[in-house]
Amino acid sequence: MKCGAVFFDRDGTINKEVGYLADLDQLVLYPEAARAIRTVNESGMKAVVVTNQSGVARGYFDEAFVLTVHRRMAELLLADGARIDGFYYCPHHPDEGLGEYRKDCFCRKPKPGMLFAAARDMSIDLKRSYMVGDMMKDVEAAENAGARGILVKTGYGGGRVSSTAKPVYVASDILDAVMWIMGNERREHTDR
Ligand SMILES: [Mg+2]
């Protein structure tokens, strides 16, 4: 049986937005992140990170560094009892960088490729899933995947750019977003 998931953007949603995170010392998790992700774990939904990392295409850091950041993030969260079920990243950019990384890929948000890949890998029902992020392209990626998008006001979320996408909720931070999702899940399941 397929399960629902909460997809999380990384920078500006789980950890502080620092521009291009290119040094492990810049990885600082928001204090609410572990509790938010733990709450998703306890609900039986998957918790999945989906992040655009065009810093790879731009030559600011390599893919090994992205994996190092994700390993550290997983350790920090696990120390607080929170588990990430999968990390997905897009190293491409359509018109920056060189070689194989410069391409119009299907994974870079707002495209839904990473959500589709995770859905395949983990038997996720995207219609029962949510994407939480600090940019409208996160909300657009949710809609393009048939999931629901929630905008957080942390990171770049304070300065909202216009978009035709419609977040189902605008949250103050990752924990507010997850609490809203849990309430919404209860509402939908009692309505049936
Ligand atoms: Mg972000």
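Predicted model only: the values in this text are computed from it and were never measured.

Peer 1: For this particular structure, what's the right way to read the coordination of the magnesium ion?
Peer 2: Each pair of donors in an ideal octahedron of six around a metal sits at 90 or 180 degrees, and each pair in an ideal tetrahedron of four sits at 109.5 degrees. For the magnesium ion, the protein coordination sphere consists of Asp9 (OD), Asp11 (O) and Asp134 (OD), at 2.1 to 2.2 Å. Along the chain, the residues donating to the magnesium ion fall in the pattern D-x1-D-x122-D. One end of the pair, Asp9, is in the loop between β1 (5–8) and α1 (33–43); the other, Asp134, is in the loop between β4 (130–133) and α4 (136–145), and 125 residues separate them in sequence. One exposure class covers both Asp9 and Asp134, and it is buried.

Peer 1: Quick question: what am I supposed to make of the side chain of Asp134 here?
Peer 2: Although Asp134 is buried, it forms no salt bridge, and the closest oppositely charged side chain is Lys109 at an N-O distance of 6.8 Å. Beyond its immediate stretch of four places on either side in the chain, Asp134 contacts Asp9, Asp11, Gly12, Thr13, Glu17, Leu151, Val152, Thr154, Gly155, Tyr156 and Gly157.

Peer 1: Got a minute to help me understand the nonpolar core in this structure?
Peer 2: Generally speaking, soluble globular proteins have nonpolar side chains that are buried together. Among the nonpolar cores identified, the biggest contains 38 residues, and Phe8, Ile14, Ile37, Val40, Leu77, Val132 and Ile181 are the most heavily contacted of them. With six residues, helix α5 (residues 174–191) is the single largest residue contributor to this core. Of all hydrophobic cores here, the second largest spans 21 residues; its members include Ala5, Cys105, Ala117 and Ala147.

Peer 1: I would appreciate a short explanation of the environment of Gly133 in the present structure.
Peer 2: Of note, Gly133 is situated in strand β4. Separated by 95 residues in sequence, Gly133 and Arg38 have C-alpha atoms that sit 17 Å apart.

Peer 1: Just checking my understanding: could you explain the packing of aromatic side chains for this structure?
Peer 2: What characterises a pair of aromatic rings is the spacing of the ring centres plus the angle enclosed by the ring planes. Under the defined criterion, the tally for this structure stands at four aromatic pairs. Plain terms: the ring middles of Tyr20 and Tyr60 are 4.9 Å apart, the flat faces sit at 70 degrees to each other, and that makes the pair edge-to-face. Taken as a pair, Tyr20 in the loop between β1 and α1 and Tyr60 in the loop between β2 (46–52) and α2 (63–78) lie far apart in primary sequence, 40 residues in all. In this structure Tyr20 comes out as partly exposed when scored by relative accessible area, which is 38%. Residue class for Tyr60 comes out partly exposed when judged on its relative accessible area of 45%. For the pair Phe106 and Phe116, a centre-to-centre distance of 6.1 Å together with 40 degrees between the ring planes defines the contact as tilted. With Phe106 in the loop between β3 (86–90) and α3 (113–122) and Phe116 in helix α3, the pair connects residues that are ten residues apart, well separated along the chain. Phe106 sits in the partly exposed class, given a relative accessible area of 48%. Seen from the ring of Trp180, Arg187 lies directly overhead, with NZ or CZ sitting 5.8 Å from the centre.

Peer 1: Sorry, what's going on with the sheet that holds strand β6 (residues 169–171) here?
Peer 2: Reading across from one edge, β3-β2-β1-β4-β5-β6 is the order of the six strands in this open sheet, with parallel pairing throughout. Both outer strands of the open sheet, β3 and β6, are each paired with one neighbouring strand and no more. Put simply, the sheet's adjacent strands are angled 25 degrees from each other on average, direction ignored. Sheet topology note: the β1/β4 ladder contains three bridges and is parallel. Paired with Phe7 across the two strands is Met131, which belongs to β4. Set on the sheet, α1 makes contact with β1 and β2; between it and β2 the angle comes to about 135 degrees. Sheet strands in contact with α2 are β2 and β3, and its direction is about 150 degrees off that of β3.

Peer 1: It is not clear to me how the pattern of salt bridges should be interpreted in this structure. Could you clarify?
Peer 2: Opposite charge on two side chains makes pairing possible when the charged atoms of those side chains draw close. Per the counting criterion, the structure on display carries eight salt bridges. Notably, a salt bridge pairs Arg58 with Glu96, separated by 4.0 Å at the nearest N-O pair. Here Arg58 is found in the loop between β2 and α2, whereas its partner Glu96 is found in the loop between β3 and α3, with 38 residues between them in sequence. Judged by relative accessible area, which is 24%, Arg58 ranks as partly exposed. Judged by relative accessible area, which is 35%, Glu96 ranks as partly exposed. The structure contains a network of salt bridges with shared partners spanning Asp9, Lys109 and Asp138.

About the thresholds
Numbers given for residues are sequential positions, taken from 1 along each chain in its written order. In keeping with the predicted nature of the model, local features appear solely for residues at pLDDT of at least 70, side-chain atom pairs appear and are counted solely at 80 or more, and the whole-chain, interface and lining totals rest on all residues. As a rule here, side-chain values cover all heavy atoms of the structure and leave hydrogens and water aside. Water is absent from the atoms considered, so a metal site may look incomplete; donors are defined as N, O and S atoms within 2.8 Å of the metal, or 3.2 Å for Na, K and Ca. Only DSSP runs of H or I covering at least 4 residues are called helices, and only runs of E covering at least 2 are called strands; the numbering of each starts at the N terminus. Residue burial is assigned from relative accessible area. The probe radius is 1.4 Å, only protein chains are included, and a residue is buried under 20% of its type maximum, exposed over 50%, and partly exposed in between. The positive count covers Lys and Arg only, the negative count covers Asp and Glu only, and His and the chain ends enter neither. We define a salt bridge as a side-chain nitrogen of Lys or Arg found within 4 Å of a carboxyl oxygen belonging to Asp or Glu. Note on contacts: a residue pair is in contact if any heavy atoms of the two residues lie within 4.5 Å. Put simply, a nonpolar core is a bunch of buried Ala, Val, Leu, Ile, Met, Phe, Trp, Tyr and Cys residues held in one set by side-chain atoms that sit within 4.5 Å of each other. When two rings of Phe, Tyr or Trp (its six-membered ring) have centres within 6.5 Å they constitute a pair, described as stacked for plane angles under 30 degrees, edge-to-face for angles over 60, and tilted for the intermediate range. A ring is considered to have a charge above it if a Lys NZ or an Arg CZ atom is located within 6 Å of its centre and within 35 degrees of its normal. One bridge is not enough; two strands pair if DSSP finds at least two bridges between them. Interaxial angles span 0 to 180 degrees and are taken between N-to-C directions of axes, which are lines fitted to C-alpha atoms, for helices over the stretch in contact.

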